Every structure is written in structure tokens, then in C-alpha cells.
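Tertiary structure, described
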Amino acid sequence: MKIKNKGNIRDLFIGLNEKVCDGNGECIDGINFDNAATTPTFKSNINVLKDMSKIYASIGRGAGQKAEISTNLYNEARNFLINYFNIKNKDDYTVVLVKNTTEGINRLSKILPQNNDDEIIISSRMEHHSNDLPWRNRGKVDYIEIDEYGRLKLEELEDKLKKNLGKIKYVSLTGASNVTGYINDIHYIAKIVHKYNAKLIVDGAQLVPHRRINIGGNSKDEQIDFLVFSSHKIYSPFGIGVIIGLKKDFDLGKPDHIGGGTVDLVLDNEITYLGPPERYEAGTPNFLGTMSLINSLEVLDDIGYDYIEEHEDKLLKATIEGLSSIPKVINYGDTEFFDDRLGICTFNIKDMYHRDVAEILAKRKGISVRHGWFCAHPYCRRLMNATEEEAKAFLKNPDEKMLGMIRVSFGLYNTIKEVHVFLNVVEDICNGRFQ
């Protein structure tokens, strides 16, 4: 059943009404604008954990009634995910459950078959470290650059695919930036990638909570080959990540973790592995976290992605316009045309250190934001027009501070009132009222 009364969205969450202590030890209302990192959980997930704990048992080989129920629910979760993301050719895909997006991409970098030492992986300078560093350990990585506003230069993608035809088997790009919120057109990108016989891996950590993803696309050349995302960014912070990907590639790969649950038979000098996904899920799975993940996706579906997009767009518009009107605020990313941005803004205040601004926001008004370079150093350095020497100066000189920005990122429960409180505090900081 769809949730019709959107005015009560905040009632779906646990912890939003908890007071926080300001710098004077006073209890005040908190505002969480750090949703791009981790989100609060739906209240219903706590009920799911309680209910599922009653039947929780061994997954896979237990003969008891509880083990059978748990195993069936766990396997049904895979089918749910295949259907949720609108995969048309269902038999071609499999679902591997991991801990988070970082682990998922690390594991893909080790599992996916590599044809030769000349293989090139295409990534971009927009990526979170989790979709950059794992590929550096696999082989040669080539990068798509960004333009002056921080958007991908997609024309470079086709150029690189043309020049390295046959060497590029995988392109791994973010669905949306965790720094600027730019949404990449993953189906358009898929068409380019498939044109040159490569496959597309999408880091969906930021995209899944805010936009409906259709893995199948409108045609075969638009389909996404691999999607990776985390539960802790979709209001279910209980340690689950998901890889949805082509079964054929998993069939050809070798498990990066081995042990219980991954094998058909072990002899003294011979091992026969199970097929995917079991081959890649060593040890006891996170059953309770998986059930919570499924519940969160169902709740998001009930709320409706159209509502989520419309609501968060209003918050983004008010924030960008408000920050742009305050002298001394330095904005990053396009603040004039931002229809392709999620509810994420990054900024600095002239002549103030990013950490100091973040601490004032927290200690004066209980506003939680992120500061630093958000595990996306190459991207942030480019946005700030800083050289590599400037970026690493703090490593050599203890008097230097690491460069950074302040990020605000919205969840579907945030309100315009909270945005106004935030903007008023930023204005007061710029005017020297909080020092």
C-alpha cells in the first residue's frame, strides 16, 4: 500500500526526535544533513529484526523448521532484488550479498575474469575512493576527466574505448556523485560501453536511495551489467551490501573468499566450488540485515520515488539559492543549472577552515554535516582547483591543514524548516556572529 499522507514521513524513522548536546551542554533539536554518509533507520526495520530473530537459524544446510524458513526468506530476497530493479532477462543475472558497496567493488575487482596483463579498466575522476582504489590494484586504470563544473566529460569515454578497442572489458562509474550530487546518465553510458564490447559497472551507493533504477533499461544495449549498493544509505544501517551482476562473468571468476558455504566437495587435494552466488558468499550470511534491506526498499517503494525526487529537489533548490545569496560562501558544482543533481551541496566560507565551520554548525545548532574531501580526493582537488603539491602540503608541514569543504546532504525526511535554520546559521557565521 502506498503511503498517502506524506506529511507524516518523519514518523517512519527512529531517532529523529532525539536531542543532542550543544557546546554549552544544553539539549537541543538535532538536524542531520549527513545522509550521503549514513542514514537513520526506519522504525519498521526494528520490528523486522525482532520478528525475524524469532525464526533465525542457519542458512543453507540446516534441516530444522527455522533453518528452512530462514533459508527460503534469504533466497527470496535475491528474487525480490532482481524484480525490484526491473531485470528483464532474469536468468542472466545473479545477486551476491556482501557487507557494503566498498566490499562489493573490491570483490568485483578480484572476481571478474581478466584476460591478459594489457587489460585496461575505465573509471573517472569523479569517483569515491571505493570505486577507484580497488581497480588500481587490479591493473591499469584510465580515467575520464571532469569539466569546470565537475561533470563527467563523457566524450572522453568513447575516445578511450575506440583507442583501446579490445583491451577495455569493464567500465566502472558512479551513478551519482557523493560530492556534488551529479547524476550520470547510466543508460546512455551503457550504450556507449556496449558499442565497444565492454561491460558497465555502476556504483549505486548514492543513486539507489533517491532514484528508481531500471537495470534493464529500454533496450538490451541500455542494460546495466553490474550494480553495487549499500543498505546503510537506504535507511537500513545493518551491514548489507548488494552486487547484482551478470551470472556468466561470475561463472568464469574465482572466489576471493573461500570456506564454508562456497564448495560442493572438498577432497584431500581437490576442491569443487558451488556456482554463483553461493561461491562468493563464504561463511554465515547476514540474514537479519538482508531482511531489513528488503523492508527498506519496500518502504521506499510505498513512499514513491516520484515524491522522494520532488521533495529532495525542493530542499536542494532552497539550499543552493540560499547559499548563493550569502557573501563569503564559496559553492562547488553548478549552481545555475542543477536539475541533474541529487540533494547534495558542497561549499566553503572564505577565510575559514572547513572543520571549524562544521564544528560551529554542530555545537551551536546541532546541525550534522560532513567536512573534508569525502573519500573522493582527486575529484575534490579538481573542484577546488588545487595542485597535488597544495593537497599534500599538510603531510610535510605540521602547520598546514588538509584542504576540504563542507557537505550537506538530504534524506527524504529532512524539511524546508531545517534548511532555513541551516542557512541562517551559515549567514551568522559569515557575519562573524559565531566565533
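As the structure is a prediction and not an experimental result, all values here were calculated from the model.

Rules used throughout
In every chain, residue numbers begin from 1 and rise along the written sequence. Under the rules for a predicted model, residues below a pLDDT of 70 receive no local features and side-chain atom pairs below 80 are neither given nor counted, while totals for whole chains, interfaces and linings still include all residues. Side-chain numbers here rest on the full set of heavy atoms in the structure, without hydrogens or water. A helix here means a DSSP run of H or I that spans at least four residues, while a strand means a run of E at least two residues long, and both kinds are numbered starting from the N terminus. Atoms counted for the radius of gyration: C-alpha only. Globule rule: 2.2 Å times the number of residues to the power 0.38. Whether two residues touch is decided by their heavy atoms; if any such pair falls within 4.5 Å, the residues are in contact. Here the Shrake-Rupley method, with its probe set to 1.4 Å, supplies the accessible areas, and only the displayed protein chains count as covering residues. The charged-residue count follows a simple rule in which Lys and Arg add positive charge and Asp and Glu add negative charge, with His and chain termini not counted at all. The location of each charge is read from NZ of Lys, CZ of Arg, CG of Asp or CD of Glu. Think of it this way: a Phe, Tyr or Trp ring, Trp meaning its six-membered ring, pairs with another when their centres are within 6.5 Å, and the plane angle makes it stacked under 30 degrees, edge-to-face over 60, tilted otherwise. Only when the NZ of Lys or the CZ of Arg is both within 6 Å of the ring centre and within 35 degrees of the ring normal is a charge said to sit over the ring. UniProt positions are given in the numbering used here, feature names are shortened, and annotations may be inferred rather than shown by experiment. Helix span, expected: 1.5 Å multiplied by one less than the number of residues in the helix. Here a polar contact is recorded for every N or O atom pair within 3.5 Å, except that within protein the pair must consist of a potential hydrogen donor and a potential acceptor, and residues adjacent in sequence are included only if both atoms are side-chain atoms. In plain terms, two cysteine sulfur atoms within 2.5 Å form what is called a disulfide here. For every residue, the accessible area (1.4 Å probe, protein chains only) is compared with the maximum for its type, and the residue is labelled buried under 20%, exposed over 50%, or partly exposed between those bounds. The split into domains, and so the bounds of each, comes from an automatic or database assignment of domains. A quick way to say it: buried area is the sum, across both parts, of accessible area lost when two parts are put together, with a 1.4 Å probe. A side-chain nitrogen of Lys or Arg and a carboxyl oxygen of Asp or Glu constitute a salt bridge if their distance falls within 4 Å. Basically, the charged four are Asp, Glu, Lys and Arg, the nonpolar ten are Ala, Val, Leu, Ile, Met, Phe, Trp, Tyr, Cys and Pro, and anything else, Gly included, counts as polar. Think of a 1 Å grid over the protein atoms and nothing else: a 1.4 Å probe that fits but is trapped marks a cavity, an open set flanked by protein within 12 Å on at least five of seven lines marks a pocket, and residues with an atom within 4 Å of a point count as lining. Grid points are joined across faces, edges and corners, and a volume is the space filled by probe spheres set on the points. At least two DSSP bridges between two strands are required for those strands to pair. For helices, the axis comes from a line fit to the C-alpha atoms of the stretch in contact; other axes are also lines fit to C-alpha atoms, and the angle between any two N-to-C directions lies between 0 and 180 degrees. Residues enter a nonpolar core if they are buried and are Ala, Val, Leu, Ile, Met, Phe, Trp, Tyr or Cys, with the set joined through side-chain atoms within 4.5 Å.

Turning our attention to the overall build of the chain. Summing up its helical and strand segments, the chain has 14 helices and 17 strands in all. At 23 Å, the chain has a C-alpha radius of gyration in line with the 22 Å of a compact globule built from 435 residues. By principal-axis analysis of the C-alpha atoms, the chain measures approximately 70 × 55 × 45 Å. Long-range pairs, those at least 24 residues apart, make up 73% of the contacts in the chain between residues at least 6 apart in sequence. Just so you have it, the chain exposes about 20,300 Å², and 48% of that area is on carbon and sulfur atoms. Counting 56 positive and 62 negative side-chain charges, the chain places the averaged centre of each group 1 Å from the other.

Two aromatic rings, taken as a pair, are described by how far apart their centres are and by the angle between their planes. Within this structure, the stated rule accounts for 14 aromatic pairs. Through successive ring pairs, a cluster of aromatic residues spans Phe13, Phe42, Tyr235 and Tyr413. One cation-aromatic arrangement involves arginine 212 over tyrosine 84; the distance from NZ or CZ to the ring centre is 4.5 Å. Its guanidinium or amino end placed over the ring of tyrosine 182, arginine 341 lies 5.7 Å from that ring's centre, counting from NZ or CZ.

Looking now at the UniProt feature "domain: Aminotransferase class V" (unreviewed entry) in the chain. The positions that UniProt labels "domain: Aminotransferase class V" (unreviewed entry) are, in the present scheme, residues 31–421. Taken end to end, residues 31–421 has its terminal C-alpha atoms 9 Å apart, with 36% of it in helix and 17% in strand.

Okay, helix H8 (residues 287–303) next. Count 3.6 residues to each turn of an α-helix, and residues three or four apart come out pointing the same way. For H8, built from 17 residues, the straight-helix expectation of 24 Å at 1.5 Å per residue is met to within 8% by its first-to-last C-alpha distance of 25 Å. The N-cap residue of H8 is asparagine 286: its side-chain oxygen and the backbone nitrogen of glycine 289 are 2.8 Å apart. Of the residues flanking the end of H8, it is glycine 304, one or two places downstream, whose phi is positive at about 100°.

Moving on to the state of the cysteines. As enumerated under the stated definition, the model contains zero disulfides in all. No disulfide involves cysteine 345; its sulfur sits 14 Å from that of cysteine 380, the nearest cysteine. Here cysteine 375 stays free of any disulfide, with the sulfur of cysteine 380 as its closest cysteine sulfur at 9.5 Å. Overall, the relative accessible area of 39% leaves cysteine 375 in the partly exposed class.

What follows concerns the domain arrangement of the chain. Segmentation of the chain into domains returns domain 1 (9–39 + 305–431) and domain 2 (45–301). Per-residue buried area on domain 1 facing domain 2 is highest for Tyr305, Leu342 and Tyr379; these three make up 28% of the total on that side. The interface formed by domain 1 and domain 2 contains five salt bridges. With its nearest N and O atoms 2.9 Å apart, the salt bridge here joins arginine 382 to glutamate 145. Sorting the residues of the side of domain 1 that touches domain 2 by element identifies helix H9 (305–324), strand S14 (344–349) and helix H11 (377–383) as the ones contributing at least two each. The element best represented in the side of domain 1 that touches domain 2 is H11, accounting for six residues. For the side of domain 1 that touches domain 2, a count of residues per class yields 20 nonpolar, six polar and eight charged.

Let us look at empty space enclosed by the protein. Evaluated as defined, the whole model comprises one cavity of 30 Å³ or more. Counted as a void, the largest cavity has a volume near 40 Å³. In terms of lining, the largest cavity is formed by Asn35, Ala36, Gln206, His210, Leu342, Gly343, Ile344, Ser409 and Phe410. Here the residues of the lining of the largest cavity are counted per class, giving four nonpolar, five polar and no charged.

As summarised here, the arrangement of the seven strands in space is S4-S10-S9-S8-S7-S5-S6, forming an open sheet in which the pairing is mixed. Two strands in the sheet have a free side with no partner beyond their single neighbour: strand S4 (93–98) and strand S6 (140–144). Taking the axes of each pair of neighbouring strands and ignoring which way they run, one obtains an average angle of 20° across the sheet. Here six bridges tie S4 to strand S10 (residues 241–246), and the two strands are oriented antiparallel to one another. Counted as the bridge partner of leucine 97 is valine 242 from S10. Helix H5 (residues 154–163) rests against strand S5 (120–124), S6 and strand S7 (168–174) of the sheet, and its axis sits at about 145° to S6.

As a further point, take the nonpolar core. Counting residues in each nonpolar core, the largest one holds 94 residues, and the members touching the most others are Leu81, Phe85, Phe229 and Ile244. The biggest single contributor to this core is H8, with eight residues. Of the residues that make up this core, three or more belong to each of domain 1 (9–39 + 305–431) and domain 2 (45–301). Phe347, Ile349, Leu361 and Leu423 belong to the second-largest nonpolar core, a separate cluster that totals 29 residues.

Once that is clear, we can look at the sheet that holds S14. Strand pairs in the sheet, formed through backbone hydrogen bonds, run parallel or antiparallel to each other. Spatially, four strands are ordered S13-S14-S17-S16 in an open sheet, and the strand pairing comes out antiparallel. Of all strands in the sheet, those with a lone pairing partner are strand S13 (329–332) and strand S16 (370–372), marking the two edges. Across the sheet, the mean angle separating the axes of adjacent strands is 30° when strand polarity is ignored. With three bridges connecting them, S16 and strand S17 (residues 405–409) associate as antiparallel partners. Of the residues in S17, the one forming a bridge with arginine 370 is arginine 407. Each of S13, S14 and S17 touches H9; the most contacted strand, S14, lies at about 15° to it.

With that out of the way, let us pick up unusual backbone geometry. That bond from proline 276 to proline 277 is cis: its omega, 5°, falls within 30 degrees of zero. Among the structural elements, proline 277 can be located in the loop between strand S12 (271–273) and H8. Phi angles above zero are rare outside glycine, and cysteine 375 is one such case at about 55°.

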